[in-house]
Amino acid sequence: GGRVKKIYYLLPIFVLLFSSCSMVKSKASRYYLSKAEKIHKANILSDKDLEKAYLYIDKSLQYDPYSFKAFDLLEELTDSAYRGGYSDALEMEVNVLKKYIKKNPYNWNAYLLIINALALRGDVFVLNEIAGNLSLITESFKDKSAGNKNYFHGNLTLGVCYGAIIPWIESEGYLNINRNSQKVIEKTKE
């Protein structure tokens with residue numbers, strides 16, 4: 001009886017510790033996100049500012065991996081920077097998302113962002129690599145029924161990835177059909 005009472009008295013302390021830990025993470029995430037937002041709102045003054053903004057978003061996602069605000073800001077930042085002439089913006093976004101996906105392989109929204117960025121660049125090789133990773137993930141699920149949301153979302157994301165690859169292979173095929181038909185056949189097999 002005495003041990004149970006001691007544990008019962010200590011329970012609120014553990015709850016406070018764990019909740020305060022998540023509050024600290026949330027505050028840290030918002031802090032880095034606000035720093036990135038300031039750079040974004042200042043219309044990006046230099047390459048260094050752009051790099052800092054992506055670094056801040058990356059840090060924000062480390063503290064709060066499911067922050068919709070961070071993903072929205074990442075997309076907005078890349079869009080405005082790319083239209084503003086910063087051609088490295090897509091590369092920086094892809095780097096942040098690659099790092100994120102390694103730690104959070106079941107965040108399908110992150111996959112959609114990286115697929116979109118890679119499709120804009122026409123990076124068929126990295127898209128093919130992501131498709132391979134998605135195939136491995138979906139194959140690893142034991143429950144392959146329609147009720148398994150991760151299996152469903154994984155396959156849907158894989159379809160989006162293939163859909164982003166096809167137009168680029170088609171374009172390359174048109175360019176090479178008269179010059180190197182063997183290359184067209186190789187790309188089609190991929």
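Here the structure is a predicted model, which is why all the values come from computation and not from measurement. (Residues numbered from 1 in each chain as written. Predicted model: local features only at pLDDT ≥ 70, side-chain atom pairs only at ≥ 80, totals over all residues. Heavy atoms only, no water.)

Draft legend 1. Seen up close, the overall build of the protein chain. Helix and strand content of the protein chain: eight helices and zero strands. The order of α-helices and β-strands along the protein chain, N terminus first, is α-α-α-α-α-α-α-α. Every one of the 190 residues in the protein chain was classed for burial, and the buried ones make up 36%. Intrachain contacts of the protein chain at a sequence separation of at least 6 include 60% that bridge at least 24 residues. If you sum the accessible surface of the protein chain, you get close to 12,500 Å²; carbon and sulfur atoms cover 59% of it. (Helix = DSSP H or I, 4+ residues; strand = E, 2+ residues; numbered from the N terminus. Buried < 20%, exposed > 50% of the residue type's maximum accessible area, 1.4 Å probe, protein only. Contact = heavy atoms within 4.5 Å. Areas by Shrake-Rupley, 256 points an atom, 1.4 Å probe, with all protein chains shown as cover.)

Draft legend 2. Main features of the layout of surface pockets. Estimates place the volume of the largest pocket at around 190 Å³. Together, Lys98, Ile101, Lys102, Pro105, Tyr111, Ile114, Val126, Glu129, Ile130, Asn133 and Ile137 line the largest pocket. Contributing elements (two or more residues each) for the lining of the largest pocket: α4 (89–103), α5 (108–121) and α6 (124–140). Across the lining of the largest pocket, the residue classes break down as seven nonpolar, one polar and three charged. (1 Å grid on protein atoms, 1.4 Å probe; cavity = no way out; pocket = protein on both sides within 12 Å on 5 of 7 lines; lining within 4 Å. Points joined across faces, edges and corners; volume = space filled by probe spheres on them. Nonpolar A, V, L, I, M, F, W, Y, C, P; charged D, E, K, R; others polar.)

Draft legend 3. How the structure looks around the side chain of Asp58. Mapping Asp58 onto the fold places it in helix α2 (residues 47–63). By relative accessible area, which is 10% here, Asp58 ends up buried. In this structure Asp58 touches Val96 and Lys99, once residues within four positions along its chain are discounted.

Draft legend 4. Summary view of helix α3 (residues 68–83). A rise of 1.5 Å per residue sets the reference length of α3, with its 16 residues, at 22 Å; its end C-alpha atoms lie 23 Å apart and thus fit the reference within 8%. Among the residues of α3, Ala70, Phe71, Leu73, Leu74, Leu77, Thr78 and Ala81 are the ones counted as buried. Taken down its axis, α3 places every buried residue within 160 degrees of arc, on the same side. Exposed side chains of α3 directed beyond 90 degrees from the buried face belong to Phe68, Lys69 and Arg83. Immediately downstream of α3, the backbone of Gly85 shows phi near 100 degrees, a positive value. (Expected span 1.5 Å × (residues − 1). Arc of directions from axis to C-beta.)

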